[in-house]
Amino acid sequence: MAKRSWTSIFTRSMTRSLATLQRSALRSALPATRRALKAVTPKVALVKPAVRGRTRAKAPGTPAAVKAGQWLPGVAIGPAGARRYRLYRPAGIRPGERVPLLVMLHGCGQDAKGFADSTRMNRIAAREGFLVLYPEQERLANAQGCWNWFDTRSGRAWGEVALIMAAIDQVCTLYPADRERVAVAGLSAGASMAALLVTRHPARFRALVMHSGVPPGSAHSTLSALGAMRGRRPAGALPAAPMTPAVDLPPLLVIHGGRDVVVAPGNGDSAAQLWAEAAGASAVAARTVQRGKRHPMTVTDFRLRGRTVVTQIGIAGLAHAWSGGAASEPYGDAKGPDASRMVWAFVARQFKS
């Protein structure tokens with residue numbers, strides 16, 4: 001009998017693990033899928049009435065005052081495997097109505113629930129009436145739960161891009177999401193993946209938000225990613241969308257902390273400059289804004305013929321964390337200006353333009 005190699009054993013183990021993941025994710029997604037297909041407007045409230053002996057649960061990222069809505073499971077499957085996701089659907093969507101979709105990509109060490117809890121984006125979605133999609137990276141794909149935005153040389157990054165797009169397409173098919181009003185935002189590795197997603201499919205998105213991320217084109221491997229995070233590699237050129245006609249990139253919002261020692265603040269500068277140069281936009285005079293006792297921020301707009309192409313926000317007192325995020329969650333800084341509000345305000349403007 002031929003001796004089995006460690007490589008073959010590892011490959012079979014990974015294959016079995018992925019198959020188990022797919023079966024588990026599909027089982028969790030089936031009830032939600034059946035509900036979506038059974039009725040145009042499911043009448044399932046996320047927060048159930050309290051019963052004797054039980055406490056009432058609430059949606060991640062949703063305060064006690066916001067009790068309506070659904071926190072739905074799902075799974076996207078593609079050539080690169082499978083990824084679970086969570087979808088927040090606010091209450092009050094009328095039959096036949098199509099609402100905006102905001103895709104939120106978490107950072108390393110986070111998952112969908114943790115990112116929702118930290119950003120509290122569901123609270124804004126409940127008030128403003130839009131869907132929030134939280135794709136989730138699997139630890140089988142990255143031990144730290146990071147999106148593999150940097151691994152373009154092997155193609156793994158593009159496989160994850162395809163999986164996120166599959167999740168978006170699935171949500172637009174099963175739920176009342178408007179395909180013409182989709183935006184994406186991310187933190188850290190999620191921000192870098194969001195940028196890669198948009199450069200690959202620019203026509204599918206109306207806005208991009210990078211919070212504490214590395215601009216696309218800066219890395220192609222784990223080693224080069226570490227150098228890029230420390231600000232030691234130039235951004236390079238934006239990756240071109242394959243086999244598609246030239247399409248204008250959607251507007252970009254960059255948020256970055258001046259005390260970030262994980263992803264150097266210069267990456268925020270590089271992302272803004274790279275995007276502005278691709279559009280032919282120029283910077284206007286920066287302005288300083290401070291709300292209450294929160295960290296002050298410096299805001300710079302890059303404009304082209306009166307249209308804002310890039311807005312860059314630098315927050316001097318912010319480290320590597322979601323600005324204004326829940327202090328009880330990792331990578332959240334409650335003292336910063338509310339990034340979630342800024343994200344939605346920026347995205348909503350693009351939907352109206």
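Residues numbered from 1 in each chain as written. Predicted model: local features only at pLDDT ≥ 70, side-chain atom pairs only at ≥ 80, totals over all residues. Heavy atoms only, no water.

Visitor: Can you walk me through the side chain of Asp333 in this structure?
Guide: Mapped onto the elements, Asp333 comes out in strand E13 (residues 332-333). Summary of buried charges: Asp333 has no salt-bridge partner, and the nearest side chain of opposite charge, Arg259, is 5.7 Å away. In contact with Asp333, not counting residues within four places along its chain, are His295, Gly317, Leu318, Ala321, Trp322, Ser323, Gly324 and Gly325. (Helix = DSSP H or I, 4+ residues; strand = E, 2+ residues; numbered from the N terminus. Buried < 20%, exposed > 50% of the residue type's maximum accessible area, 1.4 Å probe, protein only. Lys, Arg positive; Asp, Glu negative; His and termini not counted. Salt bridge = Lys/Arg side-chain N within 4 Å of Asp/Glu carboxyl O. Contact = heavy atoms within 4.5 Å.)

Visitor: Help me understand the pattern of salt bridges, please; the structure alone is not making it clear to me.
Guide: Side chains that differ in charge, positive against negative, can pair when their charged atoms come close. Taken as a whole, this structure holds twelve salt bridges when the rule is applied. Between Glu128 and Arg127 there is a salt bridge; the shortest N-O distance is 3.2 Å. Classification of Arg127 by relative accessible area gives partly exposed; the value is 48%. Of the charged contacts, one joins Asp301 and Arg287 as a salt bridge, the two residues approaching to 3.1 Å between their closest N and O atoms. Here Asp301, found in strand E10 (residues 297-304), pairs with Arg287, found in strand E9 (residues 287-289); they are 14 residues apart in sequence, far enough to count as distant. The buried category is assigned to Asp301, whose relative accessible area is 5%.

Visitor: Explain the pairing of E10 to me, please; I cannot follow it from the model alone.
Guide: Two faces belong to every sheet, and in a regular strand the side chains alternate between them. Counting buried residues in E10 gives six out of eight residues, a clear majority hidden from the surface. Bridge analysis of strand E8 (residues 282-283) against E10 gives two bridges, and the strand direction is antiparallel. In the sheet register, Ser282 faces E10, and the bridge partner there is Arg303. As judged from the three bridges shared by E9 and E10, these two strands associate in the antiparallel manner. Across the sheet, residue Arg287 finds its bridge partner in E10, namely Val299. In this sheet, strand E11 (residues 307-315) lies alongside E10 in antiparallel orientation, the contact comprising eight bridges. Paired with Asp301 across the two strands is Thr311, which belongs to E11. Linking two consecutive strands that pair antiparallel, namely E10 and E11, is a turn of two residues; a positive phi of about 50° is found at Arg305 within it. (Pairing = 2+ DSSP bridges.)

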